[in-house]
Amino acid sequence: MTRDYEPRDEMDPAFDAFRRSDDHGRDPKKLFLKNPLLLPLITVRFLGALWFSFLYYVVVLMFGPKLSEDDVEVVILPVWREAILVKSGQILARMVLFCLGFHSVKRIVMPGYDEKKARHSTIMSNHISLVDIFLMMSVYMPTFVAKEAVRSIPLVGRILAGIQGIFVDRLKTERGNATSLVQARQKSLANGKRVLPLHLFPEGTTSNGKFLLPFKTGGFVSGNPVQPVIIRYPYDSFSPAFETAYLVPYLISLLSQWQNHVEYELHPLYVPSEKEKADPVLYSRNVRSYIARSAKLKFTPSTYFDKIEYHAIVRNTELPMKPKAA
């Protein structure tokens, strides 16, 4: 990897997927100057979201599996403990959404959607916001794939471990091994084991909600059916997309909105052809095309590297290491 390259122009088309379409998420001072009463609103909402997250943390400690960092096998819980873990997670995730200003969530069910099949499949959606995770928890209460570093984050790490998330250390785990962990969980789902659904964001990072990035192929190697879900955030002045904004100003802007809007669209299970099962690249491209076409999103070849280079340019920070060509 090297930094020996010239940065591109800020308006380069490769950065279009990460460009904000509003002027929020950067300077919270403007908000407080316009309306000082926003401070108590933001405080109450933030503390509310934190409280409901803490409640689920307690639920996980009480009813979740007792795990160590070396555990990779799925622990099958008694039915009653799993029911408490799932139902409380869905309810509390919905309460977090309410505290974040998402008072109503629009659910769109397309013809052919099968709830039972979806819960035994790998759920895949476009990735726009940090809110996506709470949204999917309120719908399916799935588990997720996360970086190993997430395990040490207070509340979040223990909750993800409690719902038996897949932790991947990019410095120690080769891509093939990470894929094998995902495949093992997909196999458990396909075999009818009583485990939580697996949710993947195949783009690997967030965008501004207008584009669809190339899909990672790891979730398609097993050849099992996937459940497409489309997420949208209709907005007037503030976009909940988390693509370029700094975290704290972003949260302040999100919490300062009287009401935010989100909708999710449930599509029929995507069952791969024999050709797609034998070719994960083809499978991933076809699912990407299906989601892009259904959601009316634009294709972009942009990657996570383009995103962090754009961040460096607009934030005037050090350019990221550029991967060497294979």
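Scroll up to find the structure.
Here is a short report on the structure shown in this document. (Residues numbered from 1 in each chain as written. Predicted model: local features only at pLDDT ≥ 70, side-chain atom pairs only at ≥ 80, totals over all residues. Heavy atoms only, no water.)

Observations regarding the packing of helix α2 (residues 38-63) against helix α3 (residues 79-99)
(1) Moving on: One can describe the packing of α2 onto α3 by two numbers: an axis separation of 9 Å at closest approach and a directional angle of 175°. As the angle between them shows, α2 and α3 are arranged roughly antiparallel. Residues Arg45, Gly48, Ala49, Phe52, Ser53, Leu55, Tyr56, Val59, Val60 and Phe63 of α2 touch α3, and the partners they reach there are Trp80, Arg81, Ile84, Leu85, Ser88, Gly89, Leu92, Met95, Val96 and Cys99.
(2) Moving on: Classifying every residue of the contact of α2 with α3 by side-chain character gives 14 nonpolar, four polar and two charged. (Axes fitted to C-alpha atoms, helices over the stretch in contact; angles between N-to-C directions. Helix = DSSP H or I, 4+ residues; strand = E, 2+ residues; numbered from the N terminus. Parallel < 35°, antiparallel > 145°, perpendicular 65-115°, else oblique. Contact = heavy atoms within 4.5 Å. Nonpolar A, V, L, I, M, F, W, Y, C, P; charged D, E, K, R; others polar.)

Considerations on the sheet that holds strand β1 (residues 105-109)
(1) Moving on: In spatial order, the strands read β1-β8-β7-β2-β5-β3-β4; together these seven strands make up an open sheet with mixed pairing. Looking at the sheet topology across the chains shown, the edges are occupied by β1 and β4 (166-168). The mean angle between the axes of side-by-side strands here comes to 25°, regardless of whether they run parallel or antiparallel.
(2) Moving on: Lying over the sheet, helix α10 (residues 280-295) contacts β2 (122-125), β7 (226-232) and β8 (262-266), oriented at roughly 35° with respect to β7. (Pairing = 2+ DSSP bridges.)

Some points on the nonpolar core
(1) Moving on: In terms of nonpolar packing, the biggest core is built from 53 residues, with Tyr56, Leu100, Phe102, Val131, Met136 and Tyr140 touching the most fellow members.
(2) Moving on: Mapped by element, the contributors of at least two residues to this core are α2, α3, α5 (131-139), β3 (143-147), α6 (156-162), β7, α8 (247-256) and β8.
(3) Moving on: Take this core: its biggest share by element is eight residues, from α2.
(4) Moving on: Residue contacts for Tyr56: discarding those within four places in its chain leaves Leu85, Ser88, Gly89, Leu92, Met137, Met141, Ile159 and Ile163. (Core = buried A, V, L, I, M, F, W, Y, C linked by side-chain atoms within 4.5 Å. Buried < 20%, exposed > 50% of the residue type's maximum accessible area, 1.4 Å probe, protein only.)

Section: helix α11 (residues 304-315)
The α-helix winds at 3.6 residues per turn, so residues separated by three or four positions along the chain end up facing the same way.
(1) Moving on: Over its twelve residues, α11 runs 16 Å from end to end, which matches the ideal 16 Å to within 8%, given 1.5 Å per residue.
(2) Moving on: Remark: Asn316 follows α11 within two positions and exhibits a positive phi of approximately 55°. (Expected span 1.5 Å × (residues − 1).)

Observations concerning a nonpolar patch on the surface
(1) Moving on: On the surface, a cluster of nonpolar side chains totalling about 280 Å² of accessible area is made up of Phe46, Leu47 and Leu50.
(2) Moving on: Mapped onto the fold, Phe46 is located in helix α2. (Patch = residues over 30% accessible without salt bridge, like charges linked within 9 Å, V, L, I, M, F, W, Y side chains within 5 Å. Areas by Shrake-Rupley, 256 points an atom, 1.4 Å probe, with all protein chains shown as cover. Salt bridge = Lys/Arg side-chain N within 4 Å of Asp/Glu carboxyl O.)

Things to note about the pattern of salt bridges
(1) Moving on: Enumeration according to the criterion identifies ten salt bridges in this entry.
(2) Moving on: Asp306 is paired through a salt bridge with Arg8; the nearest N and O atoms lie 2.6 Å apart. Of the two residues, Asp306 is situated in helix α11 and Arg8 in the segment before α1 (29-34); the sequence distance between them amounts to 298 residues.
(3) Moving on: For Asp306, a relative accessible area of 9% puts it in the buried group.
(4) Moving on: The exposure class of Arg8 is partly exposed, given its relative accessible area of 28%.
(5) Moving on: One salt bridge in this structure joins Glu309 and Arg8, with 2.5 Å as the shortest N-O distance.

A look at the packing of aromatic side chains
(1) Moving on: Scanning the entire structure with this criterion turns up twelve aromatic pairs.
(2) Moving on: Ring centres 6.3 Å apart and planes at 15° place the aromatic pair Phe215 and Phe220 in the stacked group.
(3) Moving on: Residue Phe215 is classed as buried on the basis of its relative accessible area, which comes to 9%.
(4) Moving on: Its relative accessible area of 0% is what places Phe220 among the buried residues.
(5) Moving on: Members of the aromatic cluster, connected to one another through ring pairs, are Phe215, Phe220, Tyr270, Tyr283 and Tyr290.
(6) Moving on: Residue placement shows Arg151 over the ring face of Phe167; its charged tip is 4.1 Å from the ring centre.
(7) Moving on: The ring of Tyr246 has Arg315 lying over it, and the distance from NZ or CZ to the ring centre is 4.2 Å. (Phe/Tyr/Trp six-rings, centres within 6.5 Å; stacked < 30°, edge-to-face > 60°. Lys NZ or Arg CZ within 6 Å of the ring centre and 35° of its normal.)

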